[in-house]
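# Descriptive analysis of the structure
Read off the chains here:
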Amino acid sequence: MLTAARHLHPAAPKRIAIVLLFCVAAITAHPAAADEAFFESRIRPLLLQNCVPCHGPKRQEAELRLDQREQVLSGVVSDQRLVIPGMPQESRLWAVVQHRPDEIAMPPENPLSQQQKDDLLNWIRAGAHWPEASTIAADAQRLSESWREHWAFQPVQYPAETTPGLSPAAIDAQIDRQLHGAGLSRSSEAPPGVLIRRAASALIGLPPEAAWLEAGIAAADAGNWNDWFAAYINQLLDSPHFGEKWARHWMDVSRYADTKGYVFQEDREYPDAWKYREWVIRSLNEDRPYDDFLRRQITADRMPGSEDPQELAAMGFLTLGRRFLNNPHDIIDDRIDVISRGMLGLTVSCARCHDHKYDPIPTADYYSLYGVFASSDEPRNEPSTLRLVDRPQAVTPVIFLRGNPGNHGEPVPRRFLSAISTADTADFSDGSGRLELAQAITSRDNPLTARVAVNRTWMHLFGTGFVDTPSDFGIRTEQPVHHELLDLLAADFMHHDWSLKTLIRRIVLSGTWRQRSDYRPDAATADPENRLLARANRRRLSFEAQHDAILFASGALDRTIGGPSADIAADPAITRRAVYARIDRQNLPGLFRTFDLASPDSHAPRRFETTIPQQGLYYLNSPFVLGQAERIGLSAAAADQRLDQVNSVYMQVLQRLPGPEELAAALDFVSQIQELQAPLRDLSAGWSYGFGANRGLPAGSAQPFTPLKHIHENRLQVGRELPDPAHGWVFLSNNGGHPGTNPGHCAIRRWTAGQDSRIVILGSVNHPSDQGDGVHLTVVGPAGEILSELDVHNQQRAVPGRTLEVQRGQYIDFVIDCRDTPAHDSFQTQFTIRQAAADGTVRVWNSESDFSVSSGDSTFPPLAQLAQTLLMSSEFLFVD
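All values reported here derive from a predicted model rather than from experimental measurement.

### Some details on the pairing of strand 19 (residues 827-837)
Each regular strand displays side chains that alternate between the two surfaces of the sheet. Pairing of strand 12 (residues 736-738) with strand 19 involves 2 bridges; the strand directions are antiparallel. Bridge assignment links G736 to a residue of strand 19, and that residue is Q828. Direction of pairing for strand 14 (residues 757-767) relative to strand 19: antiparallel, over a ladder of 10 bridges. The residue of strand 19 that forms the bridge with S764 is Q830. Relative to strand 20 (residues 842-846), strand 19 runs antiparallel, the two sharing 5 bridges. By the bridge assignment for strand 20, R834 is matched with V844. Taking the residues between adjacent antiparallel strands as the criterion, strand 19 and strand 20 are bridged by 4 residues, where G840 takes a positive phi near 95 degrees.

Dropping the structure here:
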């Protein structure tokens, strides 16, 4: 080698040195290039996705930014360096991503994957190389501004090649374009009878009248269907029941309730809550422009009619929320939430403690709105207990750091949300700012309000909206498939003076809404969720619609419009529409929870839809369902022939005649029940409940007996009121009751024999109170004879056992009166009758376990049982 070197050209050593220098430089540069590539491909995306949303240009939690090189490599958190190159175990960043039980966990909700942890570990171990030329800071800034490109924040305008004056055909054209792109087409139009029922259910929440069905089918046969259907839609929109149906939708949005929730010893009632419901129903029936509809619910006190109690009731939208033990901060938060989610489709309350994690809503915006409501007061007096008024001196709000009212940050002005404010939007200066807030929400320049309203309307008519999250149009919400149609409808909605009825009319007259709902294998394969709308969605009736349809079928529906709330859950005898149901926020009845009624605790974007056993059990055992089924059966029984009776039941419940197979099955069903009940048919064997006089009757005379017919909270009483104005406190329940005001109003439990038999009577009476003079029991036999008597006061006494022969149809009466004074006379009873029939059969009757407030036992009439069966059918419970 050295010998060879002697023969090199004199310049060769210099050339070799240069080559060696290049080689060394290349070897040295390679690790730097690899480190830079690793950072850009692995670490930079990790930080942008998992860390920068909370520690970047938009938000700096813990005053830390992880999009800046200097902060990451030199920052100190909790007296510990954030990153120490080459020493991951001593680096704070590495510690928090481990999610150890004794350590702060980051990211808090979605931990890093194992691969991401490995990448972070290797990066720190290799020296935490962060190229000075990295674009991560600029990328983070662009990411924080990306909301500006989100579809929901773009101006609402007519799509290209469309003009104001939308027709139903324009809706179909938009739907068809999407369907054709997927190789699909719309389904054919549903039959007239289906569309008549579907329209009535969607617009007024009731089944159609029989005359409407007859007229519509006749119009279809005559070739005049389209004109008739358009006129029918107008008739439904003009019906006063339209406001009832669509008010219930809005009551979910406004978290309507008749009570405040838990408030210690304070009165829990909102006695005038129903007046807000009344205002909503009236406004919808009058087709009040939607922008005015919203404004008045925020600031009716500052608008024309501000002295009119009926108009001021609109502000129940704000004032009927939970009281949160009268915590003012939570009350204001609830009002911000119901306005922002209900009207704007934004989750502003997520910015109470920190900037919104995803949407362009800084904490400053939240407290700007907080100042509006902190500057408003509730006088709770005339002319309306539901109104708000501006305080004499407006509040200058400050940011509560981390949502803590005791930890004040910077002051902020009262103003609208910065992301959807125009550049020249001024801070609020007119009183509290509620009027200016209402104007900003309903501005035609606001990109959200009309879209949110149209999406909700579409959801109520089709079952699903364009946007799956009707109260969240934030940046995580994907652009809907039919976004151009949503914008088309929103622009047209505003163009036609925000008319909800015009919007609904256009939608329900479209071919898209009038499609059949039949299953299509081709559409199920190409579009399994039916987002493209190749067919109509099958819709189950809501709880309110089911309740009202049952009353409609029985002919018992009270069609009165408006009025105070009625406790339909406790009193099955009430026949008002379910929209008027009393809603107890603290003790929401199990019936409502069973059937997915919206929770009144907070704004409800949409209802859940469940199928659970309790729903079927309600139809089997509910006094309400059984009572209406019995009413249907009684109406049908007026016909002379069994065939006509069955036809009548079908017409009342399903609004059609049975087919040949259905008719044969129904006739067989009724006949079998009739045979099973034959031994009891004319006797009403078993227990019955009533009241009547006892003392002063001639010896051996029959015991007077008037049935207790009114059902309330699983007890039987004379009428709706307790005490009854004429008869006092008389009622019976499964294990006791209360006598009336004097011995002329005794509580009577009657047992009737279904066949000749020998019986043994046993029992006990308990009067638990040490006040009053107790009660008196008389057991009266078949011939009016007294079998047993005893007084009971502040004790329990056994009824002396008696054995006797009874004939079919004879009865035993257990009669309890109030003795000399009617006070403190609640009692508890338990009677048993052991019955041994001549054919050797033995049955033990128990007054407590046998108790029923309905006729839902073996003697329930056959036609009523047929009606009950049809009320449980899918045909009744589903729209199509």
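After that view, the rundown keeps rolling.
### Focus: the confidence of the model for the protein chain
The pLDDT averaged across the protein chain works out to 90; a share of 92% of its residues lies at or above 70. Within the model, pLDDT remains below 50 along residues 1-8, and this stretch shows 1 contact once partners closer than five positions in the same chain are excluded. Below pLDDT 50 for its whole length, residues 10-14 participates in 0 contacts with residues either more than four positions away or in separate chains.

### Describing the sheet that holds strand 16 (residues 786-792)
Strands sit in the order 8-7-13-18-15-16 across an open sheet of 6 strands; the sheet is antiparallel. Each having just a single partner strand, strand 8 (706-707) and strand 16 make up the two edges of the open sheet. Inspection of the sheet shows strand 7 (residues 686-692) paired to strand 13 (residues 746-752) by 7 bridges, in the antiparallel sense. What sits directly across from Y689, in strand 13, is R749.

### Brief notes about the packing of aromatic side chains
Tallied over the full model, the rule gives 34 aromatic pairs. Each ring, one from W250 and one from F293, has its centre 5.3 Å from the other, and the planes form 65 degrees; the classification is edge-to-face. Remark: F293 occurs in helix 13 (residues 290-299) and W250 occurs in helix 11 (residues 240-253); sequence separation between them is 43 residues. The exposure classification of W250 matches that of F293, with both residues buried. Judged by centre distance (4.1 Å) and plane angle (15 degrees), the ring pair of W458 and F462 falls under stacked. Of the two residues, W458 and F462 both sit in helix 19 (residues 449-462), 4 residues apart, roughly one turn of that helix. In this pair, the class of W458 matches that of F462, namely buried. These aromatic residues form a ring-pair network of at least three members: W250, W279, Y290, F293, F317, F493 and W498.

### Some points on a nonpolar patch on the surface
A grouping of Y262, F264 and L325 is seen on the molecular surface, where their side chains present a nonpolar patch of about 340 Å² in accessible area. Tracing the sequence through the fold places L325 in the loop between helix 15 (316-319) and helix 16 (328-344).

### Focus: the side chain of R506
The topology assignment puts R506 in helix 21 (residues 500-508). Of note is the side chain of R506, whose polar atom sits 3.0 Å from the side chain of D492. Contact partners of R506, with chain neighbours within four places excluded, come to L166, P168, I171, D492 and H496.

### Notes on helix 12 (residues 273-285)
A rise of 1.5 Å per residue sets the reference length of helix 12, with its 13 residues, at 18 Å; its end C-alpha atoms lie 19 Å apart and thus fit the reference within 8%. What helix 12 keeps buried is the set A273, Y276, R277, W279, V280, I281, S283 and L284. On its buried side, helix 12 packs onto helix 11, helix 13, helix 14 (309-312), helix 15 and helix 21. Among the residues trailing helix 12, D287 stands out with phi positive, at a value near 55 degrees.

### A word on unusual backbone geometry
Negative phi is the rule for most residues except glycine; trans is the rule for most peptide bonds. Residue P107 is reached from M106 by a cis peptide bond, and omega for that bond is -15 degrees. When you line up the elements, P107 lands in the loop between helix 4 (92-96) and helix 5 (114-125). For the bond running from L722 to P723, omega is 5 degrees, close enough to zero to count as cis. Tracing the backbone through its elements, the reader meets P723 in the loop between strand 10 (715-717) and strand 11 (731-733). With phi around 50 degrees, A128 is a residue other than glycine that occupies positive phi space.

### What to know about the side chain of R535
Tracing the backbone through its elements, the reader meets R535 in the loop between helix 22 (521-526) and helix 23 (543-554). Among buried charged residues, R535 stands out as having no salt bridge; its nearest opposite-charge side chain is D880, 8.0 Å away. If near-sequence neighbours (up to four positions away) are discounted, R535 is found in contact with S187, Q515, R516, S517, D518, Y519 and N530.

### Considerations on the pattern of salt bridges
Applying the stated criterion across every chain yields a total of 49 salt bridges. Across the pair E311 and R288 runs a salt bridge whose closest N-O atoms are separated by 3.0 Å. Of this pair, E311 sits in helix 14 while R288 sits in the loop between helix 12 and helix 13; the two residues are 23 residues apart in sequence, bridging distant segments of the chain. On the accessibility criterion, E311 (12% relative accessible area) is buried. Salt bridges sharing common partners tie together R282, R288, D292, R296 and E311.

### Quick notes on the packing of helix 25 (residues 613-621) against helix 26 (residues 623-636)
Viewed as axis vectors pointing N to C, helix 25 and helix 26 meet at an angle of 45 degrees, and their least axial separation amounts to 5 Å. When the axis of helix 25 is compared with that of helix 26, the two are oblique. On the side of helix 25, the interface is formed by Y618, Y619, L620 and N621, while helix 26 contributes P623, F624, V625 and L626. For the contact of helix 25 with helix 26, a count of residues per class yields 7 nonpolar, 1 polar and no charged.

### As for helix 21
Burial of helix 21 is extensive: 8 of the 9 residues sit out of reach of the surface. Looking only at helix 21, the buried set comprises L500, K501, T502, L503, I504, R506, I507 and V508.

The rules we used
Residues numbered from 1 in each chain as written. Predicted model: local features only at pLDDT ≥ 70, side-chain atom pairs only at ≥ 80, totals over all residues. Heavy atoms only, no water. Pairing = 2+ DSSP bridges. Helix = DSSP H or I, 4+ residues; strand = E, 2+ residues; numbered from the N terminus. pLDDT = per-residue confidence, 0-100. Contact = heavy atoms within 4.5 Å. Phe/Tyr/Trp six-rings, centres within 6.5 Å; stacked < 30°, edge-to-face > 60°. Buried < 20%, exposed > 50% of the residue type's maximum accessible area, 1.4 Å probe, protein only. Patch = residues over 30% accessible without salt bridge, like charges linked within 9 Å, V, L, I, M, F, W, Y side chains within 5 Å. Areas by Shrake-Rupley, 256 points an atom, 1.4 Å probe, with all protein chains shown as cover. Salt bridge = Lys/Arg side-chain N within 4 Å of Asp/Glu carboxyl O. Polar contact = N/O pair within 3.5 Å; in protein donor to acceptor, adjacent residues only side chain to side chain. Expected span 1.5 Å × (residues − 1). Lys, Arg positive; Asp, Glu negative; His and termini not counted. Axes fitted to C-alpha atoms, helices over the stretch in contact; angles between N-to-C directions. Parallel < 35°, antiparallel > 145°, perpendicular 65-115°, else oblique. Nonpolar A, V, L, I, M, F, W, Y, C, P; charged D, E, K, R; others polar.

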